[in-house]
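Below, each chain spelled out in residue letters.
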Amino acid sequence: MNSRRAGAEAVAEKGWLAAHRWLLARRFCQLAILALFLLGPLAGIWIVKGNLAYSLTLDTLPLTDPYVLLQSLLAGHRPERLGLIGAAIVLIFYLLVGGRVYCSWVCPLNAVTDLAGWLRDRLGIRGSAHVARSTRYWILAMTLLLAALSGSIAWELVNPVSMLQRGLIFGLGAAWMLALAVFVFDLFVMSRGWCGHLCPVGAFYSLPGKWSPVRVTAAKRAACNDCMDCFEVCPEPQVIRPALKGAGKGIGPVILAANCTNCGRCIDVCSKDVFAFGLRFNNHPDDGVQPAAPSPTAAP
């Protein structure tokens, strides 16, 4: 088992609460969204009707999953006007805040995969199957092709993300088996395997997120002490290195990779406060560069 936990220095330096603030904020957001959907069936308080595929808030605001809408269009279905408006609202939102914010702040399966990752670390499970991260984009393409060929949104019948959310609202049924399968897969077969390598939902939302202005930035990268905790906790660790280690290479400190989930865990676990949320426009290559030591003057 690991003798040193990622984030231990941050806890010692900042306190437990400050070293988990973004994680706690994400869990609160995920639970709050689920609670809004559950209030209707359980308490008769219909603030939000529907599910993550399509919902209507206060009988006024439509929100549509653009990935589901795209599958529906390819299947030959003609969506209603509210469905199109809802998809436009959701797309604009994720264009602004980052597409994969859906994965870390909304998706109910995220808590399942995070638990698998936490337990994997605590049990000291090492070794992992290798599947290229680009596989998720191939699966995304296959789900869209399947919709076009079958004339239905067939993927949504087995999509673990959709099934778990519907199951939590209307009764788990077989959804718990898919959630358990993802948990076991991430725990024993591949570290962060589902979200980081296979999930087509995350692949889809990374596309609008490519241009979002809200980004994590390594604004104080000169203070990095190479503890590697940020790489340890990041669900997409490959996105960190260019921004963190790009000083002197013409690379700015902003994480521009589309697959960054803006989860904030790198901010939490860094005892040196290297990371922060910022804007993509503040990405000057010399930001965060350690000033050169002054040359010693010659003695008279």
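The paragraphs below set out a description of the structure included in this document. For clarity, every value in this text was computed on a predicted model and none was experimentally measured.

**A short note on helix H2 (residues 21-43)**
The largest bend along H2 measures about 35° and falls at Phe37, with the proline Pro41 one to four residues further on. Here H2 has its buried residues at Arg26, Gln30, Phe37, Leu38 and Gly40. Following H2 by one or two positions, Gly44 adopts a phi angle in the positive range, close to 75°.

**Some details on the nonpolar core**
Residues Tyr102, Leu109, Val161 and Trp194 are the most contacted members of the largest nonpolar core, which totals 29 residues. For this core, the elements supplying multiple residues, two or more each, are helix H4 (81-97), helix H5 (101-106), helix H6 (109-123), helix H7 (135-150), helix H8 (160-170), helix H9 (175-189), helix H10 (193-198) and helix H11 (200-209). Residues in contact with Leu109, not counting those within four places in the same chain, are Pro160, Val161, Leu164, Ala179, Val182 and Trp194. One finds Cys230, Cys234, Ile255 and Ile267 within the second-largest nonpolar core, a separate group that totals 16 residues.

**Focus on the packing of H2 against H8**
Look at H2 against H8: their axes get within 9 Å of each other, and the N-to-C directions meet at 40°. In this view, H2 runs oblique relative to H8, as classed from their interaxial angle. From H2, Leu34, Phe37, Leu38 and Pro41 reach across to H8, where they touch Gln165, Leu168 and Ile169. The residue makeup of the contact of H2 with H8, split by class, is 6 nonpolar, 1 polar and no charged.

**Considerations on the packing of aromatic side chains**
Applying the stated rule across the entire model yields 8 aromatic pairs. Ring geometry for Tyr94 and Tyr102: centres 6.3 Å apart, planes at 80°, overall edge-to-face. The exposure classification of Tyr94 matches that of Tyr102, with both residues buried. An aromatic cluster is present here, built from Tyr67, Phe93, Tyr94, Tyr102, Phe204 and Tyr205 joined pairwise through their rings.

Rules and cut-offs
Residues numbered from 1 in each chain as written. Predicted model: local features only at pLDDT ≥ 70, side-chain atom pairs only at ≥ 80, totals over all residues. Heavy atoms only, no water. Bend = angle between axes of the 7 residues up to and from the residue. Helix = DSSP H or I, 4+ residues; strand = E, 2+ residues; numbered from the N terminus. Buried < 20%, exposed > 50% of the residue type's maximum accessible area, 1.4 Å probe, protein only. Core = buried A, V, L, I, M, F, W, Y, C linked by side-chain atoms within 4.5 Å. Contact = heavy atoms within 4.5 Å. Axes fitted to C-alpha atoms, helices over the stretch in contact; angles between N-to-C directions. Parallel < 35°, antiparallel > 145°, perpendicular 65-115°, else oblique. Nonpolar A, V, L, I, M, F, W, Y, C, P; charged D, E, K, R; others polar. Phe/Tyr/Trp six-rings, centres within 6.5 Å; stacked < 30°, edge-to-face > 60°.

Distances and angles like these do not, on their own, reveal function.
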